[in-house]
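Structural description and commentary
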Amino acid sequence: MRNLLHFNNLILLLLVLSLKLHAHEGGHFSEGAFLKVWHLKNGQNVSGNFLYSTKSEIVLEQIDGNLVKIPTAILAKNDLTLAQFKIKKYAEIHQQYTQRNSINNQVPFFEMIDIRSFGYFLIFILILLLLSKRLKNKAYFLPLQRVALYSFCLGLFILACKSSSDVTPAGTTGTNTGGTTTTPSTSIGKTSTSFIDSAFAPYKSASLATKWDDTYFYVSSNGIPAHNMMVGITSWQQQVPISQPYTGTNHWSIPLAPVYAATPVSTKTNFMKGAVALAVNGIPIFNALNNRGEDSFLIGELDQWGGHCGKGDDYHYHAAPLHLSATSGLKAIAFALDGFAVYGAKEPDGSTMKTLDESHGHVGSNNVYHYHGTNDYPYVIGSMKGKVTLDPSTSAPENQIIPQAFSNPLRPALTPLNGASITAFSAPSASSYLLTYKIGTKTGSVQYSWTNANLYTFVFTDVDGKQTNATYQRK
Ligand SMILES: [Zn+2]
Ligand SMILES: [Zn+2]
């Protein structure tokens with residue numbers, strides 16, 4: 001009788017599982033069905049109903065069955081409270097399951113059952129079914145035989161459900177607008193290297209070079225643009241532009257054969273670390289949102305060219321560098337790290353820009369997708385139309401695309417200088433810069449110079465006239 005009781009427990013388990021699987025399958029919401037709107041710190045919204053959670057993320061199901069992971073860290077205050085409540089509740093329910101099964105694990109229950117385990121389980125049931133025929137005690141084994149048969153059918157049913165409702169892979173999220181995303185069915189050929197090279201050509205110099213192999217188009221650069229920098233910043237972290245070693249194997253890599261992503265990964269909840277594109281003057285373009293989820297442009301972090309310096313004193317854009325069109329004409333002003341070109345305010349044939357989709361682009365007359373830079377959020381890329389590889393050591397929203405070039409910090413990162421606005425930036429010599437800022441009516445400055453051996457000397461003059469010196473050796 002002990003065996004039979006144990007068996008009944010298994011049936012109960014299977015029933016619970018089948019309910020669970022139904023609950024997380026996609027496509028429950030028809031058009032117009034009610035979806036909760038979640039507010040993010042950055043003012044953006046994500047629609048979707050709570051499905052399950054981990055300690056630091058909630059997973060929402062959207063109208064088309066998309067699963068979207070939202071780290072609680074990026075939620076606005078009220079929704080954070082709701083999310084924390086849901087997480088607590090979910091953990092409580094989850095605990096009841098795990099206690100019953102003596103498993104202490106934070107993974108959502110149904111995620112612990114994989115197809116292979118089910119296969120083994122079905123084989124076990126089948127063997128039991130065959131064996132039970134040979135056993136003689138009918139009063140005991142006939143019900144067991146029936147139960148085994150039912151389990152086998154139920155198991156098959158669950159297996160079918162499970163394989164047709166794959167969960168979004170970890171680290172990727174669906175589009176967050178709730179709209180439909182159409183993936184062009186045309187296959188994309190390899191991008192012509194002379195096409196990409198011609199876009200970089202006007203900016204080539206001793207510090208910007210290109211090369212390529214079968215897979216990538218590579219760009220080496222020192223990360224310093226030909227235009228002026230820093231002027232216009234009103235929210236300054238005290239970082240200044242310093243030449244970066246985007247050279248050797250630390251060059252920028254643009255895929256030569258872009259592939260459309262099944263679900264474009266949104267820049268609203270991803271890529272808050274690292275670049276998403278490379279401008280044709282060798283300056284990386286980062287997400288329009290900074291690593292706190294705020295629109296860098298709107299909060300005054302950017303200069304008149306849409307750029308500023310990161311913690312590694314690395315100059316980069318967060319807004320679209322549309323000013324490059326003055327030099328580039330109708331050519332691409334950037335290439336996204338998925339391999340698609342980014343154009344300026346006009347189509348490559350000079351006509352008015354056509355309507356943009358959620359990714360911030362469209363399929364061009366050449367049947368290949370491209371993005372456009374604009375003056376409004378998301379400025380360059382709404383979601384990555386092409387497949388990208390996510391750095392496995394990072395997680396959303398502070399994840400990043402690989403391969404990518406990295407900055408090399410020369411000195412420890414500084415803190416924001418409250419009330420400072422940068423009024424001037426100049427190069428007194430070929431190997432020095434002078435940055436001038438104002439706090440109220442008082443002026444401060446940072447003057448820095450470097451030697452051929454990469455020894456950097458800084459002179460900081462604060463608004464009260466006090467001077468501080470520092471030297472740093474680039475390794
Ligand atoms: Zn930045
Ligand atoms: Zn276009």
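The structure contained in this document is the topic of the report that follows.

About the cut-offs
- Residues numbered from 1 in each chain as written.
- Chains lettered and ligands numbered in written order.
- Predicted model: local features only at pLDDT ≥ 70, side-chain atom pairs only at ≥ 80, totals over all residues.
- Heavy atoms only, no water.
- Helix = DSSP H or I, 4+ residues; strand = E, 2+ residues; numbered from the N terminus.
- Buried < 20%, exposed > 50% of the residue type's maximum accessible area, 1.4 Å probe, protein only.
- Contact = heavy atoms within 4.5 Å.
- Areas by Shrake-Rupley, 256 points an atom, 1.4 Å probe, with all protein chains shown as cover.
- Donors = N, O, S within 2.8 Å, 3.2 Å for Na, K, Ca; no water.
- Phe/Tyr/Trp six-rings, centres within 6.5 Å; stacked < 30°, edge-to-face > 60°.
- Polar contact = N/O pair within 3.5 Å; in protein donor to acceptor, adjacent residues only side chain to side chain.
- Pairing = 2+ DSSP bridges.
- Axes fitted to C-alpha atoms, helices over the stretch in contact; angles between N-to-C directions.
- Core = buried A, V, L, I, M, F, W, Y, C linked by side-chain atoms within 4.5 Å.
- Domains from an automatic or database assignment.

**Description of the overall build of the protein**
Looking only at helices and strands, the protein has six helices and 25 strands in total. Here the protein, with 475 residues, has 47% of them falling under the buried criterion. Of the contacts made within the protein by residues no fewer than 6 positions apart, 60% connect residues no fewer than 24 positions apart. In the form shown here, the protein has an accessible surface area of approximately 23,200 Å², with 57% of it arising from carbon and sulfur atoms.

**Brief notes about the coordination of the zinc ion (ligand 1)**
Protein-derived coordination of the zinc ion (ligand 1) comes from His-308 (NE2), His-316 (NE2) and His-318 (NE2), at a distance range of 2.0 Å. Along the chain, the residues that donate to the zinc ion (ligand 1) are spaced as H-x7-H-x1-H. Of the two residues, His-308 sits in strand E12 (residues 307–309) while His-318 sits in the loop between strand E13 (315–317) and helix H6 (325–328), which places them 10 residues apart along the sequence. For the pair His-308 and His-318, one class covers both residues: buried.

**A short note on the packing of aromatic side chains**
If you walk through the whole model with that rule in mind, you get 23 aromatic pairs. An angle of 20° between the planes, with centres 6.0 Å apart, marks the rings of Phe-200 and Phe-335 as stacked. Separated by 135 residues along the polypeptide, Phe-200 in helix H5 (residues 193–200) and Phe-335 in strand E14 (residues 334–336) bring together distant segments of the chain. Phe-335 carries the same exposure label as Phe-200, and that label is buried. Centroid distance Trp-236 to Tyr-437: 5.3 Å. Interplanar angle 50°. Geometry classified as tilted. Linking Trp-236 in the loop between strand E7 (216–221) and strand E8 (252–255) with Tyr-437 in strand E22 (residues 432–439), this pair joins segments that are 201 residues apart in sequence. As far as the burial class goes, Trp-236 and Tyr-437 line up, both buried.

**Topic: the side chain of Ser-328**
By the secondary structure assignment, Ser-328 is in helix H6. Here Tyr-203 takes part through its side chain, which lies 2.7 Å from a polar atom of the side chain of Ser-328. In this structure, Ser-328 is in contact with Tyr-203, Val-280 and Ile-333, ignoring residues within four places of it in sequence.

**Digging into the coordination of the zinc ion (ligand 2)**
In this structure, Glu-347 (OE), Glu-347 (OE), His-362 (NE2), His-370 (NE2) and His-372 (NE2) serve as the protein donors to the zinc ion (ligand 2), at separations of 1.9 to 2.4 Å. Every donor residue of the zinc ion (ligand 2) comes from the same chain, spaced as E-x14-H-x7-H-x1-H. Here Glu-347 is found in the loop between strand E15 (341–343) and strand E16 (361–363), whereas its partner His-370 is found in strand E17 (residues 369–372), with 23 residues between them in sequence. Assigned by exposure class, Glu-347 and His-370 land together as buried.

**Here we look at the sheet that holds E22**
Remark on secondary structure: sheet strands pair via backbone hydrogen bonds, oriented parallel or antiparallel. The strand order across the open sheet built from five strands is E21-E22-E23-E24-E25, with neighbouring strands paired in antiparallel fashion. The sheet is open, and its two edges are formed by strand E21 (420–429) and strand E25 (467–473), each paired on a single side. Averaged over all adjacent pairs, the angle separating strand axes in this sheet is 15°, with direction ignored. Direction of pairing for strand E23 (residues 442–450) relative to strand E24 (residues 455–461): antiparallel, over a ladder of six bridges. Each residue of the ladder has a partner; that of Trp-450, found in E24, is Tyr-456.

**Points about the side chain of Ser-383**
Note on placement: Ser-383 falls in strand E18 (residues 383–386). Assessed through its relative accessible area of 1%, Ser-383 is described here as buried. Reaching out from Ser-383, the side chain makes a polar contact with the side chain of Ser-359 at a distance of 2.7 Å.

**Focus: the nonpolar core**
Ranked by size, the top nonpolar core spans 74 residues in total, and within it Phe-200, Met-230, Trp-236, Phe-335, Leu-435 and Phe-458 carry the most contacts. Per-element accounting of this core gives the leading share, five residues, to strand E10 (residues 275–279). Taken domain by domain, this core gets at least three of its residues from each of domain 2 (193–402) and domain 3 (420–473). In this structure, Phe-458 is in contact with Val-240, Ile-242, Leu-410, Arg-411, Val-446, Gln-447, Tyr-448, Thr-468, Asn-469, Ala-470 and Tyr-472, ignoring residues within four places of it in sequence.

**A short note on the environment of Leu-256**
Structurally, Leu-256 is set in the loop between E8 and strand E9 (260–266). Measuring from C-alpha to C-alpha, the distance between Leu-256 and Thr-193 comes to 7.6 Å, with 63 residues separating the pair along the chain. When sequence neighbours within four positions are dropped, the list of residues in contact with Leu-256 reads Lys-190, Thr-191, Thr-193, Ile-196, Asp-213, Asp-214, Thr-215, Tyr-216 and Phe-217.

**What to know about the sheet that holds E7**
Sheet architecture is open: three strands sit in the order E6-E7-E8, paired in antiparallel fashion. The outermost strands of the open sheet, each flanked by one partner alone, are strand E6 (208–212) and E8. Taking the axes of each pair of neighbouring strands and ignoring which way they run, one obtains an average angle of 20° across the sheet. Direction of pairing for E6 relative to E7: antiparallel, over a ladder of five bridges.

Function-wise, these values are silent; they only describe arrangement.
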